[in-house]
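# Chains, contacts and geometry: an overview
Listed below, chain by chain, are the residues.
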Amino acid sequence: MLKILIEKELKAIILSPKFSATFSVCAILIVLSVFIGLRDYQAAVAQYETATTLSNQEMREQTSWMSLNTRAYREPDPMQIFVAGVQNDVGRLSSINAFSQIKLENSNYSDEPIFAVFRFIDLTFIVQIVLSLFAILFTYDAINGEREGGTLQLTFANAVPRVQYILAKFIGSWLGLVLPLLIPLLIGLLLLLLFRVPMTGDHWAKLFTLIGASFLYFTFFIALGLLVSALTKRSTTSFMFLLVAWVTLVLIVPRAGVMLAGQITPVPTVAEIDGQREGYAKERWKQHMDALTERWEERNAGLQNLTAEEREAFRDDHSWDWMKEDEEERKLVQRDISEYDRKLNEDLRNRKATQERLGFLLSRFSPASSYQLAAMHLAGTDISIKPEYEDAMRDYRDKFISYREQKQKEEGGGMAGGFRIEFNSDTGMKISGDRDSGAIDVTDVPVFEAPQYRFAAGLLPAMPDFGLLTLYTLLAFAAGFVAFLRYDVR
Amino acid sequence: METTSTNEAVTNHAVNSPSQSRAMLAADNLTKRYEDGVLALDHVTFEVNQGHIYAMLGGNGAGKTTTINLFLNFIEPTEGEARINGIVTHKEPLRAKEKIAFVSENVMLYPNFTALQNLDFFARLGGQTGYSKDDYREVLLRVGLQEEAHNKRLKGFSKGMRQKCGIAIAILKDAPAILLDEPTSGLDPKAGFEFIRLLESLRDEGKAILMSTHDIFRARDIADTIGIMNQGRIVMQSQKSDIAGEDLEKLYMKYMAGYMEQVN
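Residues numbered from 1 in each chain as written. Chains lettered and ligands numbered in written order. Predicted model: local features only at pLDDT ≥ 70, side-chain atom pairs only at ≥ 80, totals over all residues.

### Details of the overall build of chain B
Looking only at helices and strands, chain B features nine helices and ten strands. Residues counted as buried form 47% of the 264 residues belonging to chain B. If you take every contact in chain B between residues at least 6 apart in sequence, the share linking residues at least 24 apart comes to 70%. (Helix = DSSP H or I, 4+ residues; strand = E, 2+ residues; numbered from the N terminus. Buried ≥ 20, exposed ≤ 12 C-beta atoms within 10 Å, placed from the backbone. Contact = placed C-beta atoms within 7 Å.)

Written out as structure tokens, the structure reads:
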């Protein structure tokens with residue numbers, strides 16, 4: 001009986017115009033989206049390779065360790081073809097040097113704002129918006145439409161158990177939606193192979209899990225459609241209810257959750273943080289300069305009763321120690337400022353994390369949010385991409401600066417900032433650099449290691465969202481099931 | 001002729017009471033009061049044997065469709081029971097439905113399916129899995145649906161054509177009992193005539209047929225027993241032979257108007 005009912009359901013869907021419409025839209029959107037995503041990914045890889053080559057070349061051409069700086073780049077990942085997430089909004093590179101903070105800059109959308117106006121349509125968007133609408137289109141009249149059409153009465157004039165009927169509706173609608181999705185998805189996967197995208201085992205695992213999450217997501221809307229169809233007598237009423245539910249769940253709740261979290265747990269703006277940072281640095285440098293002036297006044301005070309020759313000799317004996325002492329003080333100030341900056345960043349991150357947790361918690365009342373967050377976690381394009389990359393870049397900067405200082409020490413001896421300063425009472429002060437010594441050897445310079453987004457690491461934070469999607473689907477189906485058991489088939 | 005004006009003493013001309021025989025279709029004190037308090041059916045009792053047609057006559061709201069819905073277990077009785085081949089419908093609905101076929105007032109099938117596809121689905125749903133396409137064609141021809149329509153989608157079919165498909169589905173189910181809810185309503189005279197002839201042939205095959213209708217002339221033409229319903233009650237029940245000489249229209253109007261005494 002169940003098989004007969006499922007066959008009928010599937011046949012009715014396939015023969016209906018909505019199936020051909022769904023198939024056409026899915027085929028065009030998915031294939032086009034994968035193709036455009038592929039081309040974007042390839043362009044990003046080419047840009048990344050050119051930029052890193054250029055950066056390495058610039059380092060090799062440096063003649064002074066003092067002026068050795070570099071840039072670290074965010075590596076493109078094949079998963080961005082399917083889940084763009086925030087990867088187009090987050091900067092692609094950061095300068096690596098002793099004087100500027102790590103900050104990802106030059107995002108795709110800041111470089112080419114036109115694409116930010118009409119953002120990239122990835123698989124997640126197609127599933128989240130288009131397929132959920134189609135799921136509603138497939139099911140809004142699943143029960144009440146048959147009642148209106150008179151076929152429900154004729155069906156239940158036969159020995160048809162209601163349990164089997166509602167199951168057949170569910171399975172048939174599900175298959176009816178999966179079919180038009182599978183073919184373009186397979187074409188998309190073929191495109192990956194055709195374009196030789198470097199997909200590792202982890203990438204395939206992520207991709208198939210993402211497809212699983214997509215199926216789970218629109219299964220919820222099928223269950224919701226059946227529920228509303230079993231609660232109402234007229235298909236026009238159920239369509240209206242479902243449209244309102246869709247707008248609420250897909251468009252309003254995710255945004256409202258984040259906005260509400262912003263109101264409950266405010267986070268300082270970037271400008272405020274920069275202001276605090278600059279204020280502290282200015283104050284600290286002022287203290288340092290005052291102390292330095294005081295120290296020099298004290299040093300000079302001890303020379304008052306000496307002859308010029310004695311003063312010169314005294315300075316010759318002590319100037320190196322004074323400079324070391326001043327340099328230590330300067331480094332201490334630098335460390336203080338860095339420490340303050342680190343604390344500010346940490347505080348900002350903690351507050352942001354609290355805000356994000358609350359925002360995501362509230363927005364997860366929508367299956368659309370759960371799906372979006374699960375997809376981004378799996379793909380490694382969620383909002384943690386920015387802090388993770390910046391952390392990795394900070395670590396790299398530390399290594400890079402240590403390396404540079406080490407090299408400076410090894411090759412420059414008393415060099416301060418790449419210049420040799422010599423004091424001699426006979427010849428006075430002499431400043432010399434190493435510019436004439438040719439390019440420096442950077443073959444052993446540390447290489448930036450990008451954070452790795454492994455499948456297991458992405459799956460773990462996505463698990464609560466998988467759980468929520470399953471829960472929402474089960475609840476909607478159970479409610480629809482109960483509603484249909486009481487449904488008046490006349 | 002005997003008639004009475006109360007439900008407790010409805011005119012019964014050689015119509016068996018449910019307790020006396022094992023009829024194919026039996027209503028025994030069947031009562032339905034809806035949640036809003038409306039008494040749709042009030043202690044209705046009748047039965048239909050194999051090879052008989054029972055026509056329920058009555059105006060809108062008389063309780064004809066409620067009776068059929070109770071046989072189909074679309075609703076449950078407040079009191080009494082409906083039985084199909086001895087099976088109480090609200091107690092064992094699935095078993096009871098195996099014994100019954102149903103044709104509604106306005107047969108609506110799947111509009112995107114062809115006539116053959118609709119027949120195939122409903123035949124299999126009715127437990128008949130052994131039919132071939134030729135069997136379906138044969139039945140469609142029997143009910144008068146021309147061959148060129150067999151592979152056409154139902155969405156272009158007229159009401160008459162859909163009614164023919166509906167009766168074809170009932171035939172294919174090969175159930176011992178058939179329920180028809182105003183099956184000739186809206187049909188043109190030719191289609192109505194063909195439909196009635198088809199019912200006669202089904203009766204001759206031994207089917208027990210319960211038909212609700214507004215059409216007193218067709219009822220007299222085809223029914224073995226006629227029951228007139230008013231406000232949820234059977235106010236008159238007679239075998240065809242007992243009212244052969246009567247002006248059924250006049251009889252009907254008087255019962256419907258409540259002038260029971262004048263009939264006597």
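Here the narrative resumes.
### Topic: the sheet that holds strand β8 (residues 208-213) of chain B
All names here are of chain B. Across the sheet, six strands lie side by side as β6-β7-β8-β3-β9-β10; this open sheet has mixed pairing. The sheet is open, and its two edges are formed by β6 (100-103) and β10 (233-239), each paired on a single side. Recorded for the sheet is a direction-independent mean angle of 15° between the axes of neighbouring strands. Bridge analysis of strand β9 (residues 225-230) against β10 gives six bridges, and the strand direction is antiparallel. Opposite Met229, over in β10, you have Ile234 as the bridge partner. (Pairing = 2+ DSSP bridges. Axes fitted to C-alpha atoms, helices over the stretch in contact; angles between N-to-C directions.)

### Some thoughts on the packing of helix α5 (residues 123-139) of chain A against helix α9 (residues 201-231) of chain A
Residues and elements named next belong to chain A. For the pair α5 and α9, interaxial distance at closest approach is 8 Å and the crossing angle is 35°. Where α5 crosses over α9, the handedness of that crossing is right-handed. In this structure, α5 uses Val127, Leu131, Ser132, Ala135, Ile136, Phe138 and Thr139 to contact α9, whose residues at the interface are Ser214, Tyr217, Phe218, Phe221, Ile222, Gly225, Leu226 and Ser229. A per-class count over the contact of α5 with α9 returns ten nonpolar, five polar and no charged. (Left-handed = near helix turned anticlockwise from the far one by under 90°. Nonpolar A, V, L, I, M, F, W, Y, C, P; charged D, E, K, R; others polar.)

### What to know about the interface of chain A and chain B
Many analyses report the size of an interface as the accessible area lost when the parts associate. In this complex, chain A contributes 19 residues to the contact, which on the side of chain B involves 19 residues. Contributions of two or more residues to the side of chain A that touches chain B are made by α1 (2-15) and α7 (151-156) of chain A. Considering each element in turn, the side of chain A that touches chain B owes the most residues, five residues, to α7(A). Residue composition of the side of chain A that touches chain B, grouped by class: ten nonpolar, seven polar and two charged.

### Let's talk about the sheet that holds strand β2 (residues 39-48) of chain B
All names here are of chain B. Strand order across the open sheet formed by four strands is β2-β1-β4-β5, with antiparallel pairing between neighbours. A single partner strand is all that each edge strand has here, and the edge strands are β2 and β5 (87-88). The strands that helix α1 (residues 64-71) touches are β1 (25-33), β2 and β4 (79-84); relative to β1, the one it contacts most, it runs at about 115°.

### Observations concerning unusual backbone geometry
All names here are of chain B. The phi dihedral of Asn29 is positive, around 50°, even though this residue is not glycine. Structurally, Asn29 is set in strand β1. For Asn29, a count of 14 C-beta atoms within 10 Å translates into the label partly exposed. Here Asp174, not a glycine, exhibits a phi torsion of approximately 55°, which is positive. Here Asp174 is to be found in the loop between α5 (159-173) and β7 (177-181).

### Points about the nonpolar core
Counting 150 residues, the largest nonpolar core has A:Ile222 and B:Leu25 as the members making the most contacts within it. Here the element with the most residues in this core is α9(A); it accounts for 14 residues. Once you skip the residues sitting within four places of it in the chain, B:Leu25 turns out to touch B:Glu47, B:Val48, B:Phe71, B:Ile84, B:Ala177, B:Ala208 and B:Leu210. Counting eleven residues, the second largest nonpolar core, distinct from the first, contains A:Val90, A:Leu93, A:Tyr389 and A:Met393. (Core = buried A, V, L, I, M, F, W, Y, C linked by C-beta atoms within 7 Å.)

### Brief notes about the packing of α1(A) against helix α8 (residues 162-194) of chain A
Residue and element names in this part refer to chain A. Direction vectors running N to C along α1 and α8 enclose 40°, while the axes themselves pass 8 Å from each other. With respect to their mutual orientation, α1 and α8 come out oblique. You can see that α1 and α8 cross each other, and the crossing is right-handed. Contacts between α1 and α8 involve Leu2, Leu5, Ile6, Glu9, Leu10, Ile13 and Ile14 from the former and Gln164, Tyr165, Leu167, Ala168, Lys169, Ile171, Gly172, Ser173, Leu175 and Gly176 from the latter. Here the contact of α1 with α8 is built from residues that sort into eleven nonpolar, four polar and two charged. (Parallel < 35°, antiparallel > 145°, perpendicular 65-115°, else oblique.)

### Here we look at the pairing of β6(B)
All names here are of chain B. Because side chains alternate across β6, one face comprises the buried residues Ile100 and Phe102, and the other comprises Ala101 and Val103, equally buried. One ladder, built from four bridges, connects β6 with β7; its direction is parallel. Across the sheet, the residue bridging to Ala101 is Ile178, located in β7.

### Digging into helix α10 (residues 235-264) of chain A
Residue and element names in this part refer to chain A. With 30 residues, α10 ought to run about 44 Å at 1.5 Å a step, and its terminal C-alpha atoms sit 40 Å apart, in line with that. When we look at burial in α10, the residues that qualify are Ser238, Phe239, Leu242, Trp246, Leu249, Val250, Pro254, Gly257 and Ala261. The inward-facing, buried residues of α10 contact α5, α6 (144-149), α9, α12 (308-363) and α13 (367-379). (Expected span 1.5 Å × (residues − 1).)

### Concerning the environment of A:Leu292
Residues and elements named next belong to chain A. Within the secondary structure layout, Leu292 lies in helix α11 (residues 270-301). Of the residues examined, Leu292 has 15 C-beta atoms within 10 Å and is grouped as partly exposed. Distance in space between the C-alpha atoms of Leu292 and Glu329 is 8.7 Å, their sequence separation being 37 residues.

### Comments concerning the pairing of β1(B)
All names here are of chain B. Of the pairings in the sheet, the one linking β1 to β2 comprises six bridges and is antiparallel in character. Bridging from a neighbouring strand, Leu25 pairs with Val48 of β2. Between β1 and β2, which follow one another and run antiparallel, lie five residues, and Gly37 among them has a positive phi close to 95°. Alignment of β1 against β4, held across five bridges, turns out to be antiparallel. Within β4, the position partnered with Leu25 by the bridge is Ile84.

### Details of the confidence of the model for chain B
Residues and elements named next belong to chain B. In the predicted model, chain B carries a mean pLDDT of 82, and the fraction of residues at 70 or more is 87%. For chain B, per-element mean pLDDT is lowest for helix α9 (residues 260-263), which scores 46, and highest for helix α3 (residues 115-125), which scores 93. When the criterion is pLDDT under 50, residues 1-20 qualifies, and its contacts beyond four places in sequence or with other chains add up to 44 contacts. Note on residues 259-264: pLDDT under 50 across the span, and eleven contacts to partners over four residues away in sequence or across chains. The ipTM for the predicted assembly is 0.85, set against a pTM of 0.80. (pLDDT = per-residue confidence, 0-100.)

### What about the environment of B:Leu94?
Mapped onto the fold, B:Leu94 is located in helix α2 (residues 93-97). Here B:Leu94 falls in the exposed class, since 12 other C-beta atoms lie within 10 Å of it. Here the alpha-carbon distance between B:Leu94 and B:Asp134, two residues 40 residues apart in the chain, equals 29 Å. Setting aside chain neighbours within four positions, we find B:Leu94 in contact with A:Ala159 and A:Pro161.

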